[in-house]
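# Structural overview for review
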Amino acid sequence: MLPEMRYIEGELIPMLRERAGKHEKSAGKQLRQWRGEKGVCCLLLSVTDLPEVSRLPVYNNEEIHYDPEKMFVNELRGALTTALSEGDAVPSVRANVGCGALCTLLGGLKQMFFADKMPWLLEHLSVDQLAALTKESISESPEFARGIEQMKYMKEMLAGTGIRLYPMDLQGPIDMAHLLMGNEFFYALYDDADAVHHALELSLACEIYGMEKCFEVIEPKDYVCHYNGLVLPKETPIKISEDTSTLLSRAHLDEFMVPYTERLLSHFGGGYIHYCGDNRHLYEIVPNLKNNIGLNFGNPERHDPKMTLDKLAEKGQCYYGRFPSISTREHVHLSRQEDGRFNAFITYSCTTDQQARVLDELNETVHSRIP
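Residues numbered from 1 in each chain as written. Predicted model: local features only at pLDDT ≥ 70, side-chain atom pairs only at ≥ 80, totals over all residues. Heavy atoms only, no water.

## What to know about the overall build of the chain
Helix and strand counts for the chain stand at 14 helices and ten strands. Relative to its length of 371 residues, the chain is compact, with a C-alpha radius of gyration of 21 Å against a globular reference of 21 Å. Its C-alpha atoms give the chain principal-axis dimensions of about 60 × 55 × 35 Å. For the chain, buried positions account for 58% of its 371 residues. Put simply, of all contacts in the chain between residues at least 6 apart along the chain, 74% involve residues at least 24 apart. Per element, the accessible surface of the chain, about 15700 Å² overall, is 49% carbon and sulfur. Here the chain contributes 38 positive and 54 negative side-chain charges, whose respective centroids are spaced 7 Å apart. (Helix = DSSP H or I, 4+ residues; strand = E, 2+ residues; numbered from the N terminus. Rg over C-alpha atoms; globule rule 2.2 N^0.38 Å. Buried < 20%, exposed > 50% of the residue type's maximum accessible area, 1.4 Å probe, protein only. Contact = heavy atoms within 4.5 Å. Areas by Shrake-Rupley, 256 points an atom, 1.4 Å probe, with all protein chains shown as cover. Lys, Arg positive; Asp, Glu negative; His and termini not counted. Charge placed at Lys NZ, Arg CZ, Asp CG, Glu CD.)

The following block contains the structure:
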């Protein structure tokens, strides 16, 4: 047993259990905002200077994949920043097994682990190797199975604390096909569309299999957590990453991204989209995807806050995150619609002594008359 586990089990877990009711109230508030209740605007607050966090060590990205306690400690450090804060964040942890974990369900692929960065696939499948695979080729790899066991371990450790599990990393079908094929994916877009469609079908099947296994462990009742703060309604429980999609043309997005991402959203009832970078075509497509409920940017500095919030509001969708160019107060102003609804789940980090001011500012702005 790691030495810090005595502190976690003896002091932290009992303290967290005393705050569990607060997280349920926060989850309820987030669900009300998703439902479009007027006058509800959630601030997903995290605190950066907690002594409880500083008492826990940080383990590198390689060693956590071989020791469930070390991965748990790393995840708990993050969860504490919201669990011990005020505001409307709901703390959560995940099996942090990397964006290629679901790829290991096919063809014997394995991720490489690194001390200073996240896991990554350095080997890929050729077009011929992919052609030999079918949906029946999917099998539970040792790496994926380790992730499921990690989830079960953390769920048991955090029972009664209000800190929930969220799913393993879910890439969109485009991102996963790129991971499977490597850079051959980009040549095949032009030279072998059938191979791309086949890779996308396999990706979709792996993603459905993987997420269903995750939800079997999570056992969501009213909501599903994401990224140590956000809550999604149980009926629309997934996050999809479309990072590779930012590199594609409108024609390729329409042919290869839209139908498969819509099928993934439809299978689980819906969810929100994340992507890094900037692609005007993708920006136009995402709010029109069937069963999409929201948007998150990896590079919000590249996007116009008012334009984004207005575009999403037209579709009854929400933005999750923060635009670094504007204040929390401005986030609230821009996300308030004429009928009194708000469509931004605002993330914000601050020190302990700044919390009261930030929350007072938020509440004052939410309930004030906005010109």
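## Considerations on the pairing of strand β5 (residues 230-233)
Every regular strand shows the same layout, with side chains that alternate between the two sheet faces. Residues Leu 230 and Leu 232 point to one face of β5 and Val 231 and Pro 233 to the other, with burial holding for every one of them. Note: strand β4 (residues 223-226) against β5, four bridges, orientation antiparallel. Looking across to β5, one finds that Tyr 223 is bridged to Pro 233. Between the end of β4 and the start of β5, which pair antiparallel, lie three residues, with Tyr 227 showing a positive phi angle near 55°. (Pairing = 2+ DSSP bridges.)

## A closer look at the packing of aromatic side chains
Remark: the centre distance and the inter-plane angle together describe each pair of aromatic rings, the angle taken between the planes. This model, assessed by the stated rule, comprises 13 aromatic pairs. A centroid spacing of 5.7 Å and a plane angle of 80° characterise the contact between Tyr 272 and Tyr 320, whose relative ring orientation is edge-to-face. Of the two residues, Tyr 272 is situated in strand β7 (residues 271-275) and Tyr 320 in strand β9 (residues 318-321); the sequence distance between them amounts to 48 residues. Grouping aromatic residues by their ring pairs yields a cluster made of Tyr 275, Tyr 283, Phe 297, Tyr 319 and Phe 323. Here the guanidinium or amino end of Lys 117 rests over the ring plane of Phe 114, the centre of that ring lying 4.6 Å away. Over the face of the ring belonging to Tyr 283 we find Arg 280, whose NZ or CZ atom lies 4.6 Å from the ring centre. (Phe/Tyr/Trp six-rings, centres within 6.5 Å; stacked < 30°, edge-to-face > 60°. Lys NZ or Arg CZ within 6 Å of the ring centre and 35° of its normal.)

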